[in-house]
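Examination of the molecular architecture
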Amino acid sequence: MLVKGRKVGVRGGEMAAHYAFGPSEDDTIIKHRLLTRTTTTRGEPPLKKLQKKFAAFALEIDKDADNYSDCERLFKAFLQEMVTFELPLLKSKAVIDANLREKESFNELQEQIQSQILQARADIEDLKKQLEESKIERQHKEECEAIRRLVALQPPRSETQNIISDLEKEIACLEAEDVATSRTLELRKKQFSLLLHVVDELQNNIEDEQKSLAEELRLALEQKNNSMEDVSGAPEAMTVD
């Protein structure tokens, strides 16, 4: 007999339900009830009733008295009780078969759902890859568009080519001028070096001439002084005489 659990109320809250049997014992009790058709604690179990009907029929048969009518009556009662006992069993079997079919359908549905989940995950991964590729492609398109706009802002190729040609001519002229200037500068360097050499020689010549003039002047002064001394000495000698 299954004892129903009851909840015990306490102040400040409600405690969890306490059961006389654990979950592991419930299957055994339910199986016993299905076999004995004992679904309630009231009244006599159907299997016990069937057992009593069979015992009464068997005892009546064992009697030696002329009791065919009683045996037939008890036999019909036993058959009726058996039919009554069998009907719930058939219903239970039908329910079990239906539950098994439903379980198989549930398993198939679960497999389908699992397959769909895996397929959805694979699709999500593919979509992620496609999204990344689309982002990269869009970025490339934006870069190309930016480059196209920059190119569109530039002058035509013919005009650019003309500008390049003019610049090349100008560069050629500047290079020619640079060569000419370099040559002129080199010539001026040589001329300046020659001029410095000439100036140096002139300076040396001037210094030599100045030295010679100074020497001549010194000699002239000495001669003059000597002649003046000679002149001043002669009258004195005459005066003495």
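Fair warning: this is a prediction, and the values are worked out from it, not measured in the lab.

1. Thoughts on the overall build of the chain
Within the chain, the regular secondary structure consists of four helices and two strands. Reading the helices (α) and strands (β) of the chain from amino to carboxyl end gives β-β-α-α-α-α. When each of the 241 residues of the chain is scored for burial, the buried share is 6%. Summarising the internal contacts of the chain: among those between residues at least 6 apart in sequence, 46% fall at separations of at least 24. When the accessible surface of the chain is totalled, it reaches about 21,600 Å², and 58% of it is carbon and sulfur.

2. Focus: the packing of aromatic side chains
Using the criterion set out here, one finds one aromatic pair in the structure. With 5.3 Å between their ring centres and 50° between their planes, Phe-54 and Phe-78 make a pair best called tilted. Placement of the pair is Phe-54 in helix α2 (residues 46-62) and Phe-78 in helix α3 (residues 68-153), with a sequence separation of 24 residues. By relative accessible area, which is 47% here, Phe-54 ends up partly exposed. On the accessibility criterion, Phe-78 (11% relative accessible area) is buried.

3. Description of a nonpolar patch on the surface
On the surface, Phe-192, Leu-195, Leu-196 and Val-199 cluster together into a nonpolar patch covering about 380 Å² of accessible area. Within the fold, Val-199 resides in helix α4 (residues 157-240). On the basis of relative accessibility, which here comes to 42%, the residue Val-199 falls in the partly exposed class.

Definitions and limits used
- Residues numbered from 1 in each chain as written.
- Predicted model: local features only at pLDDT ≥ 70, side-chain atom pairs only at ≥ 80, totals over all residues.
- Heavy atoms only, no water.
- Helix = DSSP H or I, 4+ residues; strand = E, 2+ residues; numbered from the N terminus.
- Buried < 20%, exposed > 50% of the residue type's maximum accessible area, 1.4 Å probe, protein only.
- Contact = heavy atoms within 4.5 Å.
- Areas by Shrake-Rupley, 256 points an atom, 1.4 Å probe, with all protein chains shown as cover.
- Phe/Tyr/Trp six-rings, centres within 6.5 Å; stacked < 30°, edge-to-face > 60°.
- Patch = residues over 30% accessible without salt bridge, like charges linked within 9 Å, V, L, I, M, F, W, Y side chains within 5 Å.
- Salt bridge = Lys/Arg side-chain N within 4 Å of Asp/Glu carboxyl O.

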